[in-house]
Amino acid sequence: MNVDADAARQLDQAYADHAGACRSFATTFDADVDDATHEAFVKLARRLANGDGLPDHPRAWLLAAVRSAAFDQARSRRRRQRREAFAIPPTSVPDSPDPEVVAALWKLDERPRQAIVLRLWCDVGFAEVAVLLGCAASTAHDLYRRGLDDLRDLLPEHDPSR
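Read on for a plain summary of the structure. Residue positions are given per chain, counting from 1 as you read along its sequence in written order. Given that the model is predicted, a residue must reach a pLDDT of at least 70 before its local features are reported, and side-chain atom pairs must reach 80 or more before they are shown or counted; all residues, however, enter totals for whole chains, interfaces and linings. Side-chain calculation: all heavy atoms of the structure are included, whereas hydrogens and water are not.

## A word on the overall build of the chain
Each helix and strand in the chain was counted, giving 7 helices and 0 strands. For helices the rule is a DSSP run of H or I covering at least 4 residues; for strands it is a run of E covering at least 2, with both sets numbered from the N terminus onward. Mapped in sequence order, the helices and strands of the chain form the string α-α-α-α-α-α-α. For the chain, buried positions account for 40% of its 162 residues. Long-range pairs, those at least 24 residues apart, make up 63% of the contacts in the chain between residues at least 6 apart in sequence. Carbon and sulfur atoms make up 49% of the accessible area of the chain, which amounts to about 9,000 Å² in all. Type-normalised accessible area, obtained with a 1.4 Å probe on protein chains alone, sets the label of each residue: buried when under 20%, exposed when over 50%, and partly exposed for intermediate values. The contact definition used throughout considers only heavy atoms, calling two residues in contact when any of these lie within 4.5 Å. Note on areas: these come from Shrake-Rupley sampling with a 1.4 Å probe, and a residue is covered only by the protein chains present in the view.

See below:
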C-alpha cells in the first residue's frame with residue numbers, strides 16, 4: 001500500500017485527533033484494544049491510499065471501524081472459546097478516573113457500558129452513540145442514563161448526591 005505525503009499527513013493528524021477516543025471505545029468490547037484501534041487506522045490508511053480521502057466525519061467513521069474490528073474479534077474469540085472453553089476478561093478503561101469505577105463499569109451490561117464510555121471518555125454525542133450502538137438516539141440516552149443509575153448503585157461512596 002503506497003500512501004502519498006498528503007495522505008500520510010492526514011493519517012497522522014487523524015491518529016493524533018482520534019486515537020484516544022478509539023482506544024476508549026474499544027475498551028467497551030471484550031476485544032484487544034490495540035488490535036481494534038490499529039485495524040480502524042489500517043482501514044483509514046487503505047481508504048487514503050485509494051485516493052478516497054478522509055470521511056466526512058472521521059471520528060464517527062473510525063469509531064464505527066473500531067466497533068467492526070471488535071465484533072470481528074468477538075466472533076473469532078467465540079469460535080475459539082467453544083473449542084477451548086475459556087475467556088480472558090478485559091480489565092481497564094484508558095484514562096479512567098478510578099480503578100473502582102472501572103471495575104464497576106465491567107459489572108454493567110455491554111450496551112450501557114459502551115454508551116457511558118462513548119459519552120464520557122470519547123466525547124461523542126447521543127446521535128453518534130445511537131449510530132454506533134445501532135439504536136435510536138432516545139435509546140442511547142436511556143442506556144446512558146440507566147448505566148449511570150446502575151453505577152451509582154454499585155458505587156454509593158462515589159455518588160455526591162448521597
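## Section: unusual backbone geometry
For D123, which is not a glycine, the phi torsion comes out positive at approximately 55 degrees. The residue D123 is located in the loop between α5 (110-120) and α6 (126-133) in this model.

## Focus: the side chain of T37
Mapping T37 onto the fold places it in helix α2 (residues 33-49). Note on T37: relative accessible area 1%, which makes it buried. Sequence-distant contacts of T37, that is, excluding residues within four places in its chain, are made with A19, C22, R23, A26 and V66.

## Things to note about the state of the cysteines
Two cysteine sulfurs form what is called a disulfide whenever their separation falls within 2.5 Å. What the rule picks out here adds up to 0 disulfides. Left without a disulfide partner, C22 is nearest to the cysteine sulfur of C122, which lies 7.7 Å away. Its relative accessible area of 0% is what places C22 among the buried residues. Judged by relative accessible area, C122 falls into the buried class, the value being 1%.

## A few points about the nonpolar core
Residues belong to one nonpolar core when they are buried, are Ala, Val, Leu, Ile, Met, Phe, Trp, Tyr or Cys, and are joined through side-chain atoms within 4.5 Å. By size, the foremost hydrophobic cluster in this structure holds 45 residues, and its most contacted members are F25, F41, L63, I116, L118 and L151. When residues of this core are traced back to their parent elements, those giving at least two are α1 (5-26), α2, α3 (58-84), α4 (99-105), α5, α6 and α7 (137-154). In terms of residues, this core owes the most to one element, α1, which gives 8 residues.

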